[in-house]
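The residues making up each chain are set out below.
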Amino acid sequence: MKKVAGFGLILVMLSVSCGWAQSTSPALYQMRTKESNATDRRFRKILGDNYDGQDKNRKEYDDDRKRRRKKQQQQTTGSQTDNNGYGSGPDYAWPTHLIEMGIRFAPSLNLNTAEGSGSYAGFRNNGAGVRMSVGPTLDYFFFKDRYAFSTGLFYTIKRSGFQMPGSFGESRWNPGAPEKESVYNLQYLQIPATVKLFANNIGPNMRLYVQTGGLLSLKLAEHAVEPTRNGLYMAESGGTRRQYGFGDIELLLGAGVQYRINENNAFNIGMSYQRGLINVARANELTSKNRVVSLDLGFKF
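Some words on the overall build of the protein chain
Item 1. Across its full length, the protein chain holds 5 helices and 12 strands.
Item 2. Counting the 301 residues in the protein chain, one finds 34% classified as buried.
Item 3. Within the protein chain, contacts between residues at least 6 apart in sequence are counted, and of these 70% link residues at least 24 apart.
Item 4. Roughly 17,900 Å² of accessible area belongs to the protein chain as shown, and the carbon and sulfur atoms make up 60% of that amount.

Next up, the structure:
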């Protein structure tokens, strides 16, 4: 009986071993991997390296995982390419061009403040006027394609105007004299030093931006409008004296939308506000500062 029982036990062990060797079930493979390394080595020594048929399955499983991972990476890259490199996540990729140049055209509404004392008492501004600004722009992206240092060189014409008492510039004070007015066109060369911050896409190839920083404005020329009727021009020895200083320093705040046409070209449309910080009037008793609201139209290339 002992011999029969021992023989039966051997048959059971052989049948279990043969079943494991023929099975390709992942569940059995997981059960096998939980065994000790010593038992695994013992089976491999007796029945061969591929005794359970799972080495081939494991290789196929690893290859399949690699293929899926590669396909996912290709899909992610493809979506970024389809969206002109911007992607759909919160963080954009590094730009293909660190420097982007463009042209800016900005029709502007110009205002100015006016505060006078002494002989300039009674001075006040006389409304607003439309002028323009045009010039090249340059954006340098210093962190991914979301943050850029923006500069350029703008030729800008500003309007500055005053209303003044009728006796201004006269040798005798006449309270009944009609009021005079003065309008000047001031030509500036502006150098911006600003930062642009781009937001996530709000539509296909379209994203918002905010721009903030400063402007250095250097005056090129000043011209009186209608000199014979210009009270400030005629009061100062027939206009031989300059009425405005050499330049200005301004704060700039703007926002807009950029629409990408392709990888290299884009349209910009936005609004900006310039606030002058320096008194541009040369007279000690007159204070005037510039205020400009612009419609910014740009094309990047």
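So much for the structure itself; the text now carries on.
A word on the environment of Ala 199
Item 1. Here Ala 199 shows up in strand S7 (residues 180-203).
Item 2. For the pair Ala 199 and Val 210, spaced 11 residues apart in sequence, the C-alpha separation works out to 8.2 Å.

Some points on the pattern of salt bridges
Between side chains of opposite charge, a pair can form when the charged atoms approach closely.
Item 1. Summed over all chains, the structure comprises 9 salt bridges.
Item 2. The salt bridge involving Lys 300 is made with Glu 100; its shortest N-O contact spans 3.1 Å. Here Glu 100 lies in strand S1 (residues 99-112) and Lys 300 lies in strand S12 (residues 290-300), a separation of 200 residues in the sequence. Each member of the pair, Lys 300 as well as Glu 100, carries the same accessibility label: buried.
Item 3. The shortest N-O distance in the salt bridge between Lys 219 and Glu 222 comes to 2.7 Å. An identical accessibility class is assigned to Lys 219 and Glu 222; each is buried.
Item 4. Several salt bridges converge on common partners, so that one network encompasses Glu 100, Asp 139, Lys 196, Arg 260 and Lys 300.

A look at the pairing of strand S10 (residues 266-276)
Item 1. What you see with S10 is a clean split: Ala 266, Asn 268, Gly 270, Ser 272, Gln 274 and Gly 276 sit on the buried side and Phe 267, Ile 269, Met 271, Tyr 273 and Arg 275 on the side with no burial.
Item 2. Where strand S9 (residues 247-260) and S10 come together, 11 bridges link them in antiparallel fashion. Within S10, the residue paired with Tyr 259 across the bridge is Phe 267.
Item 3. Between S9 and S10, which pair antiparallel one after the other, the connecting turn spans 5 residues.

What to know about the packing of aromatic side chains
Item 1. Counted according to the given criterion, the structure contains 10 aromatic pairs.
Item 2. Taken together, a centroid distance of 4.9 Å and an interplanar angle of 80° make the contact between Phe 123 and Phe 168 edge-to-face. One end of the pair, Phe 123, is in the loop between strand S2 (115-116) and strand S3 (124-125); the other, Phe 168, is in the loop between strand S6 (154-164) and S7, with 45 residues separating them in the sequence. Neither residue differs from the other here; Phe 123 and Phe 168 are each classed as buried.
Item 3. Ring pairing ties together the aromatic residues Tyr 120, Phe 123, Phe 162 and Phe 168, which thus form one cluster.
Item 4. Above the face of the Tyr 188 ring, Lys 158 is positioned so that its terminal group lies 5.0 Å from the ring centre.
Item 5. For Arg 207, the ring lying beneath its charged end belongs to Phe 198, and the centroid distance is 4.1 Å.

Considerations on the environment of Val 225
Item 1. Summarising the element assignment, Val 225 is placed in the loop between strand S8 (206-224) and helix H5 (231-235).
Item 2. With 64 residues separating them along the chain, Val 225 and Gly 161 place their C-alpha atoms 9.6 Å apart.
Item 3. Non-local contacts of Val 225, meaning those with residues more than four positions away in its chain, are made with Val 183, Asn 185 and Asn 230.

Quick look at the nonpolar core
Item 1. Within the largest apolar cluster, 15 residues are counted, with the highest numbers of intra-cluster contacts made by Tyr 120, Phe 123, Phe 162, Leu 232 and Leu 286.
Item 2. Top element by residues in this core is S7. It accounts for 3 residues.

Section: the environment of Ala 266
Item 1. By secondary structure assignment, the location of Ala 266 is in strand S10.
Item 2. Residues Ala 266 and Gly 102, spaced 164 residues apart in sequence, show a C-alpha to C-alpha distance of 9.0 Å.
Item 3. Look past the residues within four positions of Ala 266 in its chain and what remains in contact with it is Gln 258, Tyr 259, Arg 260, Ile 261, Gly 298, Phe 299 and Lys 300.

Observations regarding the confidence of the model for the protein chain
Item 1. A residue-level look at the protein chain finds 70% of positions with pLDDT of 70 or above and a mean pLDDT of 80.
Item 2. Counting interchain partners and residues more than four positions distant, the pLDDT-below-50 stretch residues 20-24 has 12 contacts.

Here we look at the side chain of Asn 126
Item 1. Relative to the assigned elements, Asn 126 resides in the loop between S3 and strand S4 (129-143).
Item 2. By relative accessible area, Asn 126 is classed as buried at 15%.
Item 3. In terms of polar contacts, Asn 126 uses its side chain to reach the side chain of Arg 159, at 3.3 Å.
Item 4. Those residues in contact with Asn 126, other than ones at most four positions away along the chain, are Arg 159, Gly 161, Phe 162, Gln 163, Glu 181, Ser 182 and Val 183.

What counts and how
- Residue numbers here run from 1 along each chain, matching the order of that chain's written sequence.
- Confidence filtering applies because this is a predicted model: local features only for residues at pLDDT of at least 70, side-chain atom pairs given and counted only at 80 or more, and all residues used for totals across whole chains, interfaces and linings.
- No hydrogens and no water enter the side-chain calculation; it runs on all heavy atoms of the structure.
- In this text, helices come from DSSP runs of H or I with a minimum length of four residues, and strands from runs of E with a minimum of two, each type numbered from the N-terminal end.
- Burial classification: accessible surface area is computed with a 1.4 Å probe over protein chains only, and a residue below 20% of its type maximum counts as buried, one above 50% as exposed, and the rest as partly exposed.
- Note on definitions: a residue-residue contact is assigned when non-hydrogen atoms from the two residues lie within 4.5 Å.
- Shrake-Rupley sampling with a 1.4 Å probe provides the accessible areas, and residues are treated as covered by the protein chains on show and by no other component.
- One side-chain nitrogen of Lys or Arg within 4 Å of one carboxyl oxygen of Asp or Glu is enough to make a salt bridge.
- Two strands are counted as paired when DSSP detects at least two bridges linking them.
- Aromatic pairs are defined between Phe, Tyr and Trp rings, using the six-membered ring for Trp, whenever the two ring centres lie within 6.5 Å; interplanar angles under 30 degrees are classed as stacked, those over 60 as edge-to-face, and all others as tilted.
- Look at NZ for Lys and CZ for Arg. If either is within 6 Å of the ring centre and within 35 degrees of the ring normal, a charge sits over the ring.
- Definition used in this section: a nonpolar core is a set of buried Ala, Val, Leu, Ile, Met, Phe, Trp, Tyr and Cys residues joined via side-chain atoms within 4.5 Å.
- The quantity known as pLDDT measures the predictor's confidence residue by residue, on a range of 0 to 100.
- Any pair of N or O atoms that falls within 3.5 Å is considered a polar contact. Within protein, one atom must be able to donate a hydrogen and the other to accept it, and sequence-neighbouring residues count only if both atoms are side-chain atoms.

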